[in-house]
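Spelled out from the first residue to the last, the chains are:
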Amino acid sequence: FDRVIANPPYSLKNWGREKVSADEFGRFRFGLPPKNIGDYAFVQHMLATLNHTGKAAIVLPHGVLFRDRAEGKIRKGLIKEDLIEVIIGLPSNLFYGTDISAIIIIYNKDKEQARQNKIFFIDASRDFQEGKNQNVLRDEDVEKIVSTLDNYEEIEKYSRIVTLDEIKENDYNLNISR
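Draft legend 1. Local environment of the packing of aromatic side chains. Here the structure, examined in full by the defined rule, presents 2 aromatic pairs. Residues F120 and Y152 carry aromatic rings whose centres are separated by 4.8 Å and whose planes lie at 50° to one another, so their mutual orientation is tilted. Highlighted residues: F120 in strand β5 (residues 118–123) and Y152 in the loop between α4 (139–151) and β6 (159–163), separated in sequence by 32 residues. This pair shows no difference in class: F120 is buried, exactly as Y152 is. Its end group placed over the ring of Y158, K144 keeps NZ or CZ at 4.0 Å from the ring centre.

Here it is in structure tokens:
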């Protein structure tokens, strides 16, 4: 595919690890995710379906940025291959049925030269309208995210371009607050 946009189920338990342990399609080349946390199963499947210039935007829980063991190994592989272009931190309580804050990770198999060996972080977690049952991103909040991304612009306490060398120094931990 040229593009994949997805919001897979967060940290799905029993996602089918046993069935894919001998995956004939080569989707899990960075490693198999834990049996009870399927986030990177979805991510790797989607990345495997992209063509050589494909991009994916995936809504995920924050845990994929810092959890260790198998997930840490997978994340390290994704970082080393320079597949992560942007991480956008979203406010909590945006999605129906969960009050946790989420992120959007944009994966790109064909980053332009200026963005290679870097990950662009945007912390949009403080820009929202509080709702009775659910928070909302206002038009101006979405515009700020899009404008910052389009301009590849660093804004103090909002966005930052981080080199893969700095990420390596932080043990491949992508926690936005770091």
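Okay, back to it.
Draft legend 2. Representation of the packing of helix α2 (residues 39–48) against helix α3 (residues 69–80). Running from N to C, α2 and α3 cross one another at 30°; their axes reach a closest spacing of 10 Å. Between α2 and α3, the crossing angle belongs to the class labelled roughly parallel. In this structure, the crossing between α2 and α3 has a hand that is left-handed. Where α2 abuts α3, its residues D39, Y40, V43, Q44 and L47 lie against E71, I74, R75 and L78.

Draft legend 3. Summary view of the nonpolar core. Counting residues in each nonpolar core, the largest one holds 30 residues, and the members touching the most others are L78 and Y107. In terms of residue count, the dominant contributor to this core is α2 (4 residues). L94, I122, A124 and Y152 belong to the second largest nonpolar core, which has 12 residues in total.

Draft legend 4. The arrangement of the sheet that holds strand β4 (residues 102–108) in detail. An order of β1-β2-β4-β3-β5-β6 is seen for the 6 strands of this open sheet, with the pairing classed as mixed. Looking along the sheet, the strands with just one partner apiece sit at the ends: β1 (3–6) and β6. Between one strand axis and the next, the sheet turns by 20° as a mean value, whatever way the strands run. Contacting β1, β2 (55–61) and β4, α2 crosses the sheet at an angle of about 175° to β2. Against the sheet, α4 engages β3 (84–89), β4, β5 and β6, with an angle of about 160° to β5.

Draft legend 5. The arrangement of unusual backbone geometry in detail. Of note in this structure, K157 is not a glycine but carries a positive phi near 60°. Relative to the helices and strands, K157 is located in the loop between α4 and β6. On the accessibility criterion, K157 (70% relative accessible area) is exposed. Phi angles above zero are rare outside glycine, and D171 is one such case at about 55°. Mapped onto the fold, D171 is located in the segment after α5 (164–169).

Draft legend 6. Quick look at α2. Here α2 lies mainly inside the structure; 7 of its 10 residues are buried. Buried residues belonging to α2 abut β1, β2, α3 and β4.

Criteria and thresholds
- Residues numbered from 1 in each chain as written.
- Predicted model: local features only at pLDDT ≥ 70, side-chain atom pairs only at ≥ 80, totals over all residues.
- Heavy atoms only, no water.
- Phe/Tyr/Trp six-rings, centres within 6.5 Å; stacked < 30°, edge-to-face > 60°.
- Helix = DSSP H or I, 4+ residues; strand = E, 2+ residues; numbered from the N terminus.
- Buried < 20%, exposed > 50% of the residue type's maximum accessible area, 1.4 Å probe, protein only.
- Lys NZ or Arg CZ within 6 Å of the ring centre and 35° of its normal.
- Axes fitted to C-alpha atoms, helices over the stretch in contact; angles between N-to-C directions.
- Parallel < 35°, antiparallel > 145°, perpendicular 65-115°, else oblique.
- Left-handed = near helix turned anticlockwise from the far one by under 90°.
- Contact = heavy atoms within 4.5 Å.
- Core = buried A, V, L, I, M, F, W, Y, C linked by side-chain atoms within 4.5 Å.
- Pairing = 2+ DSSP bridges.

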